[in-house]
Amino acid sequence: MTLVVQGALGAWVSLYAAPPRPTHPLGVVAGFAAALSAGPAALAVHALLGLALVGGAVRILVLAVSVRHRPCIAAAASAWWRWPWRC
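Our subject in this report is the structure included herewith. (Residues numbered from 1 in each chain as written. Predicted model: local features only at pLDDT ≥ 70, side-chain atom pairs only at ≥ 80, totals over all residues. Heavy atoms only, no water.)

Broken down by element type, the protein chain carries four helices and zero strands. Written out in order from the N terminus, the α and β elements of the protein chain read α-α-α-α. Scaling as 2.2 N^0.38, a compact globule of 87 residues should have a C-alpha radius of gyration of about 12 Å, whereas the protein chain reaches 17 Å, well beyond that. Principal axes of the C-alpha set define a box for the protein chain whose edges measure 50 × 25 × 15 Å. Relative to its 87 residues, the protein chain shows a buried fraction of 16%. Taking all contacts inside the protein chain whose residues are at least 6 apart in sequence as the whole, residues at least 24 apart take part in 33%. As displayed, the protein chain offers around 6,700 Å² of accessible surface, 70% of which is attributable to carbon and sulfur atoms. (Helix = DSSP H or I, 4+ residues; strand = E, 2+ residues; numbered from the N terminus. Rg over C-alpha atoms; globule rule 2.2 N^0.38 Å. Buried < 20%, exposed > 50% of the residue type's maximum accessible area, 1.4 Å probe, protein only. Contact = heavy atoms within 4.5 Å. Areas by Shrake-Rupley, 256 points an atom, 1.4 Å probe, with all protein chains shown as cover.)

The tally for this structure, following the rule as stated, stands at one aromatic pair. Relative to Y16, the ring of W12 lies with its centre 6.0 Å away and its plane at 50°, an arrangement referred to as tilted. Taken together, the residues W12 and Y16, both in helix α1 (residues 2-16) and four residues apart, mark about one turn of the helix. For W12, a relative accessible area of 41% puts it in the partly exposed group. Judged by relative accessible area, which is 61%, Y16 ranks as exposed. (Phe/Tyr/Trp six-rings, centres within 6.5 Å; stacked < 30°, edge-to-face > 60°.)

Below you can see the structure in the form of structure tokens.
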């Protein structure tokens with residue numbers, strides 16, 4: 001569900017919102033901070049949902065590595081969610 005909302009917000013922001021235009025090139029962290037502070041609310045929610053999705057994916061990968069189950073590690077690393085075995 002979060003991925004669907006993320007995609008819809010991304011499409012809306014891309015079509016209708018005006019992101020902040022920096023006067024000089026920004027790095028990733030500075031661009032993320034500018035999106036949160038100076039951008040429209042939809043852009044901030046889109047950025048935070050993206051960060052939550054990436055954090056969740058990293059958490060699943062860390063959990064798979066911690067149990068040392070190779071098929072689960074492969075599933076988590078490749079974002080494959082339909083494996084014939086349980087992780």
